[in-house]
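Residues per chain, in single letters:
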Amino acid sequence: DNLKYLLGFAVGGLLGDVFLHLLPETYQQMADSGEEGGLGRVGVAVLTGILTFLVLEKVLEMSNPETNEEAREKENKKIVGYLNLFANCTDNLLHGLAVGTSFLSSFRLGVTTTAAILLHEIPHEFGDFAILLKSGFDRWEAAKAQIATALVGLFGALLALAFESSNDLETLLMYILPFTAGGFLNIALVSLVPELMQEKRPGPALGQFLCLIGGIVAMSLLTMI
C-alpha cells in the first residue's frame, strides 16, 4: 500500500513535468525561434515519444527468452523500470544542456540554473525510485540505476559546450523536449495508472489520488522558482 502511494506521487510528478515544464518549455523555445509550423512538429514529436515507448515495451516483452512463466513475468515487470530509466536519460540530457548553455552565458546564471534543476529533481527522484521498486528493482539496484542516469546530465553539459551556436541547440531541444514528454505520458498513463486503478477500497484509492495531486502540486511549485 505504501508503494502505491509513492506510485501515485510518481504519476503526479510525471504529469506535472510534462504539462507544466516540458511542453511549456518546448512552446517557449518555438516562440523564441519564430519557426513557422512548429506546433505540428511538437505534436508529432510527442506522439513519437508515446509510440516509441509502447513499441519498446511490447518488443522487450515478446523477445524475452525465459520459458518459465513465473520468471518471465518477473523479468517483464522490470521493463517499465527500464523504460523509465531511458526517459530519465533524455530528461537529464536536457538538464545538462540547460546547465552547459547557462554557464556559457554567465557563471551566475549557470549557478542559479543548476540550483533550480536540482530542486526540480528532488520530487522527480522520489517518484522514479518508487517506479523502480514497483518494477522489481531492489533499493541498491534502484539507487545505482538513478546515479547512472544522472551521469547523462554531465554528458549533456559537455554537449552544450560543443555546440557553436545556440540556434543549433534550440533546434535539438524542440525535438527532445516533446519526445521526452511523450515517454513520460506513456509511463504515467499506460504503465502506472492501471496499477492504481486496481485499488477498490475507497480510503486507499482516495489517498493515492491525493498523492497524485501532491506530485502535480510539487512540480507546479517548482515551476515558480
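Below is a summary of the structure that appears in this document. (Residues numbered from 1 in each chain as written. Predicted model: local features only at pLDDT ≥ 70, side-chain atom pairs only at ≥ 80, totals over all residues. Heavy atoms only, no water.)

## With respect to the overall build of the chain
So, step 1. Broken down by element type, the chain carries 8 helices and 0 strands.
So, step 2. When the helices and strands of the chain are listed from N to C terminus, the series reads α-α-α-α-α-α-α-α.
So, step 3. For 225 residues, the compact-globule estimate of 2.2 N^0.38 gives 17 Å, and the chain sits close to it at 18 Å.
So, step 4. Across its three principal directions, the C-alpha atoms of the chain cover 55 × 40 × 35 Å.
So, step 5. A buried classification covers 43% of the 225 residues belonging to the chain.
So, step 6. Here the analysis covers contacts within the chain between residues at least 6 apart in sequence; of these, 80% occur between residues at least 24 apart.
So, step 7. On the chain, roughly 11900 Å² of surface is accessible, and the fraction owed to carbon and sulfur atoms is 68%.
So, step 8. In the chain, which carries 13 positive and 24 negative side-chain charges, the distance between the mean positions of the two groups comes to 9 Å. (Helix = DSSP H or I, 4+ residues; strand = E, 2+ residues; numbered from the N terminus. Rg over C-alpha atoms; globule rule 2.2 N^0.38 Å. Buried < 20%, exposed > 50% of the residue type's maximum accessible area, 1.4 Å probe, protein only. Contact = heavy atoms within 4.5 Å. Areas by Shrake-Rupley, 256 points an atom, 1.4 Å probe, with all protein chains shown as cover. Lys, Arg positive; Asp, Glu negative; His and termini not counted. Charge placed at Lys NZ, Arg CZ, Asp CG, Glu CD.)

## Describing the packing of helix α1 (residues 2-33) against helix α2 (residues 38-62)
So, step 1. Viewed as axis vectors pointing N to C, α1 and α2 meet at an angle of 150°, and their least axial separation amounts to 10 Å. For the pair α1 and α2, the sense of crossing is right-handed. In this structure, α1 contributes Leu23, Thr26, Tyr27 and Met30 to the contact, and α2 contributes Gly38, Leu39, Val42 and Val46. (Axes fitted to C-alpha atoms, helices over the stretch in contact; angles between N-to-C directions. Left-handed = near helix turned anticlockwise from the far one by under 90°.)

## Concerning the nonpolar core
So, step 1. Judged by nonpolar contacts, the single largest core of 36 residues is most densely connected at Val11, Leu14, Ile131, Ile187 and Leu192.
So, step 2. Taken together, the elements giving at least two residues each to this core come down to α1, α2, α4 (79-105), α5 (107-134) and α7 (166-197).
So, step 3. If one sorts the elements of this core by residue count, α7 sits on top with 13 residues.
So, step 4. Once you skip the residues sitting within four places of it in the chain, Ile187 turns out to touch Leu14, Phe53, Leu83, Asn84, Ala87, Ile131 and Leu192.
So, step 5. Listed in part, the 5 residues of the second largest apolar core include Leu85, Leu132, Phe137 and Ala142. (Core = buried A, V, L, I, M, F, W, Y, C linked by side-chain atoms within 4.5 Å.)

## Regarding the side chain of Ser191
So, step 1. Structurally, Ser191 can be placed in helix α7.
So, step 2. Among all residues touching Ser191, those that are not within four sequence positions of it are Glu57, Val80, Lys134 and Asn186.

## Some details on a nonpolar patch on the surface
So, step 1. A cluster of nonpolar side chains, contributed by Leu47, Leu51, Leu54, Val55, Val59, Leu189 and Val190, occupies part of the molecular surface with about 600 Å² of accessible area.
So, step 2. Of all the secondary structure elements, the ones that give two or more residues to the nonpolar patch are α2 and α7.
So, step 3. If you tally residues by element for the nonpolar patch, the top one is α2, at 5 residues.
So, step 4. Position of Val55 relative to the elements: it lies in helix α2. (Patch = residues over 30% accessible without salt bridge, like charges linked within 9 Å, V, L, I, M, F, W, Y side chains within 5 Å. Salt bridge = Lys/Arg side-chain N within 4 Å of Asp/Glu carboxyl O.)

## Description of the layout of surface pockets
So, step 1. In this structure, the second largest pocket encloses a volume near 340 Å³.
So, step 2. Asn92, Ile117, Leu118, Glu121 and Ala150 are, among the 15 residues lining the second largest pocket, the residues nearest its centre.
So, step 3. Among the elements of the structure, α4, α5 and α6 (139-162) are those that each provide at least two residues to the lining of the second largest pocket.
So, step 4. Broken down by element, the lining of the second largest pocket gets its largest block of residues, 6 residues, from α5. (1 Å grid on protein atoms, 1.4 Å probe; cavity = no way out; pocket = protein on both sides within 12 Å on 5 of 7 lines; lining within 4 Å. Points joined across faces, edges and corners; volume = space filled by probe spheres on them.)

## Overview of the packing of α5 against α6
So, step 1. Following both chains from N to C, one finds α5 and α6 inclined at 130°, their axes separated by 9 Å at the closest point. Overall, the two elements α5 and α6 adopt an arrangement that is oblique. For the crossing formed where α5 meets α6, the hand is right-handed. Contacts between α5 and α6 involve Glu125, Asp128, Phe129, Leu132 and Leu133 from the former and Arg139, Ala142, Ala143, Ala145 and Gln146 from the latter.
So, step 2. The residue makeup of the contact of α5 with α6, split by class, is 6 nonpolar, 1 polar and 3 charged. (Parallel < 35°, antiparallel > 145°, perpendicular 65-115°, else oblique. Nonpolar A, V, L, I, M, F, W, Y, C, P; charged D, E, K, R; others polar.)

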